[in-house]
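Per-entry structural report
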Amino acid sequence: MDWKSAFEEIEKIKQEAQVEINQAGDLSQQETWRVKYLGRKGRLAVLTSLLANSPAEIRPKLGQAVNELKNYLQALLKKVSKEKKVSRKGKNLSLPGKPAISGLLHPLTLTTRRMVEIFVRMGFGVYTGPDIETDFNNFEALNMPVDHPARDMWDTFYLNQEGTLLLRTHTSPVQIRVMKELTPPFRVVAVGRCFRRDLLDASHSPVFHQLEGLMVGKRISFAHLKGILIYFCQELFGKQTRVNFTPSYFPFTEPSAEVSISCVICRGQGCPTCSRTGWLEILGCGMVHPQVFRKVGYNPDEFSGLAFGIGIERTAMLLHGITDIRFFLQNDLRFLRLFT
Ligand code: DAH
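Position numbers for residues count from 1 along each chain, tracking the sequence in the order it is written. In keeping with the predicted nature of the model, local features appear solely for residues at pLDDT of at least 70, side-chain atom pairs appear and are counted solely at 80 or more, and the whole-chain, interface and lining totals rest on all residues. The basis for every side-chain value is the complete set of heavy atoms in the structure, and neither hydrogens nor water enter the calculation.

Thoughts on the sheet that holds strand E5 (residues 207-217)
The pairing of strands in a sheet happens through backbone hydrogen bonds and is either parallel or antiparallel. We count it as follows: The pairing criterion for strands is at least two bridges between them, as found by DSSP. Each helix corresponds to a stretch of at least 4 residues labelled H or I by DSSP, and each strand to a stretch of at least 2 residues labelled E; elements are numbered beginning at the N terminus. Only the contacting stretch of a helix is used when fitting its axis, a line to C-alpha atoms as for every element, and angles between N-to-C directions run 0 to 180 degrees. Between two residues, a contact is recorded if the distance between any of their heavy atoms is within 4.5 Å.
The strand order E1-E4-E5-E9-E8-E7-E6 describes an open sheet built from seven strands, whose pairing is mixed. Whereas interior strands pair on both sides, the edge strands pair on one side only; in this sheet they are strand E1 (125-127) and strand E6 (243-250). Averaged over all neighbouring strand pairs, the angle between strand axes comes to 25°, with direction disregarded. Running over the sheet, helix H5 (residues 107-121) touches E1, strand E4 (186-195), E5 and strand E9 (304-311) and is turned about 5° from E5.

With respect to the pairing of strand E8 (residues 279-288)
Stated formally: Only protein chains enter the accessibility calculation, which uses a 1.4 Å probe; a residue whose area is less than 20% of its type maximum is buried, one above 50% is exposed, and one in between is partly exposed.
The element E8 is largely enclosed, with a buried count of eight among its 10 residues. The pairing of strand E7 (residues 253-262) with E8 spans eight bridges and is classified as antiparallel. Considered in E8, the bridge of Ser 256 is made with Gly 286. The pairing of E8 with E9 spans five bridges and is antiparallel. Paired with Gly 284 across the two strands is Gly 309, which belongs to E9.

Some details on the side chain of Thr 241
Put simply, the rule is: N or O atoms within 3.5 Å of each other form a polar contact, as long as, within protein, one can give a hydrogen and the other can take it, and as long as residues adjacent in sequence are counted only when both atoms are side-chain atoms.
With respect to the helices, strands and loops of the structure, Thr 241 is situated in the loop between helix H8 (222-237) and E6. One polar contact links the side chain of Thr 241 to the main-chain carbonyl oxygen of Phe 237, over a distance of 3.3 Å. Not counting chain neighbours up to four residues away, the residues in contact with Thr 241 comprise Cys 233, Gln 234, Ile 261 and Ser 262.

Structural notes on empty space enclosed by the protein
Note the threshold: In this analysis the probe radius is 1.4 Å and the grid spacing 1 Å, with only protein atoms considered; a cavity is a set of points the probe fits into but cannot get out of, a pocket is an open set with protein on both sides within 12 Å along at least five of seven lines, and lining residues have an atom within 4 Å of a point. Grid points are joined across faces, edges and corners, and a volume is the space filled by probe spheres set on the points. Residue classes follow a fixed rule: Ala, Val, Leu, Ile, Met, Phe, Trp, Tyr, Cys and Pro count as nonpolar, while Asp, Glu, Lys and Arg count as charged, and any other residue, Gly among them, counts as polar.
For the structure shown, the criterion picks out one cavity of 30 Å³ or more. A volume near 40 Å³ is recorded for the largest cavity. Around the largest cavity, the lining residues are Val 174, Gln 175, Val 178, Val 188, Val 189, Ala 190, Glu 212, Gly 213 and Leu 214. When contributions to the lining of the largest cavity are tallied by element, the ones reaching two or more residues are helix H7 (173-181), E4 and E5. For the lining of the largest cavity, the per-class residue count stands at six nonpolar, two polar and one charged.

Some thoughts on the site of the ligand
Our working rule: Note on definitions. A residue lies near a molecule or strand when any single heavy atom of the residue is within 4 Å of it. Here, Shrake-Rupley sampling with a 1.4 Å probe gives the accessible areas, and only protein chains in the shown set may cover a residue. Being in a pocket or cavity means that more than half of the molecule's atoms lie within 2 Å of its grid points.
The environment of the ligand is made up of 16 residues, and the closest members are His 170, Ser 172, Arg 196, Gln 210 and Glu 212. Side-chain polar atom of His 170 to a nitrogen atom of the ligand: 2.9 Å apart, as the coordinates give it. A total of 360 Å² of accessible area belongs to the ligand in isolation, and the protein chains cover 93% of it. When atom positions are compared with the pocket grids, the ligand is found to occupy the largest pocket. Elements with a minimum of two residues in the shell around the ligand: E5, E8 and E9. Split into classes, the residues belonging to the shell around the ligand amount to six nonpolar, eight polar and two charged.

Some words on a negative patch on the surface
Spelled out, the test is: For patch detection, residues must exceed 30% relative accessible area and be free of salt bridges, and they are connected within 9 Å for like charges or within 5 Å for nonpolar side chains (Val, Leu, Ile, Met, Phe, Trp, Tyr). Whenever Lys or Arg places a side-chain nitrogen within 4 Å of a carboxyl oxygen from Asp or Glu, that contact is recorded as a salt bridge. His is not counted, nor are the chain ends, whereas Lys and Arg count as positive and Asp and Glu as negative. Throughout, a charge is located at the NZ atom of Lys, the CZ atom of Arg, the CG atom of Asp or the CD atom of Glu.
Together, Asp 152, Asp 155, Asp 198 and Asp 201 make up a negatively charged patch on the protein surface. You can see Asp 201 is positioned in the loop between E4 and E5.

Things to note about the pairing of E5
For E5, the tally of buried residues reaches nine of 11 residues, placing the bulk of the element in the interior. Pairing analysis gives 10 bridges linking E4 to E5, with the strands arranged antiparallel. Paired with Gly 192 across the strands is Gln 210, a residue of E5. As paired strands, E5 and E9 are joined by eight bridges and run antiparallel to one another.

Below is the structure:
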């Protein structure tokens, strides 16, 4: 550009600067505008250096025009930044922000994590299975063919007329899934929701949770089962806890046992929680029945295994002295906030 077109250029700058400042919505866009027009290498600066080289006759006139342009541009900038400030009026920007409300973990989640963590420390892997199961996985493969009387131990929600699909009554069907998927030796736990046709009262719920354990290998013995479960109970309920194994019956284990711990409330003295016996039944267990191994294609002469199942609601109730299972389902924040 030479000094002859400088007057045209000044008019052009005025127009463009006006349009662009109105489009500059925030502070950083205003700054971009300032650099473009008023900056050290901006459009005004170009004109100023041109002025220095212009012929003496037109220099006063051009000088006046450039000066006016400078005032014009500065006024534009001042006006918009003032407007922005005005629009912030009435808002106290130094007020602290609103705290974000974070959620809580459900007591059953917390209990599950504590339980699983103990088994993970003993090298157990963690598995899951679906809530909807086949009759085969939930009963038949667990050594309960159709019409087996032991099926009465679990009042079942069936999902179809043929009775082939159901809501799992325990987490034991995950044993079947795991054995089909893995090759021994392995040790796993599975946690999940279970369903039984029970009426809701202080100690029964048609929906509840279990933790299932399964360890299969060569020469796994009842001593392993005892060692694992005594360690688990003492880690969870305290080192002073006594652990008792009583003979029991489950179709999928032989021998089977029920495990009781010395009462966490009265420490074995006898109280309402333990029905004055000093003991609390907390889980079922046993050595995997050879018939279960056959159902999944394992050779029972080659492998042996241990298994156990623990109710999570009951465990959480004993850990925290909760007397009614319905608290877990009601989502009363006064209850839920008691656990961390
Ligand atoms: N599935 C049993 C129940 O729901 C609990 C159980 C007992 C699981 C013995 C096991 C076991 O794995 O070996 O009552």
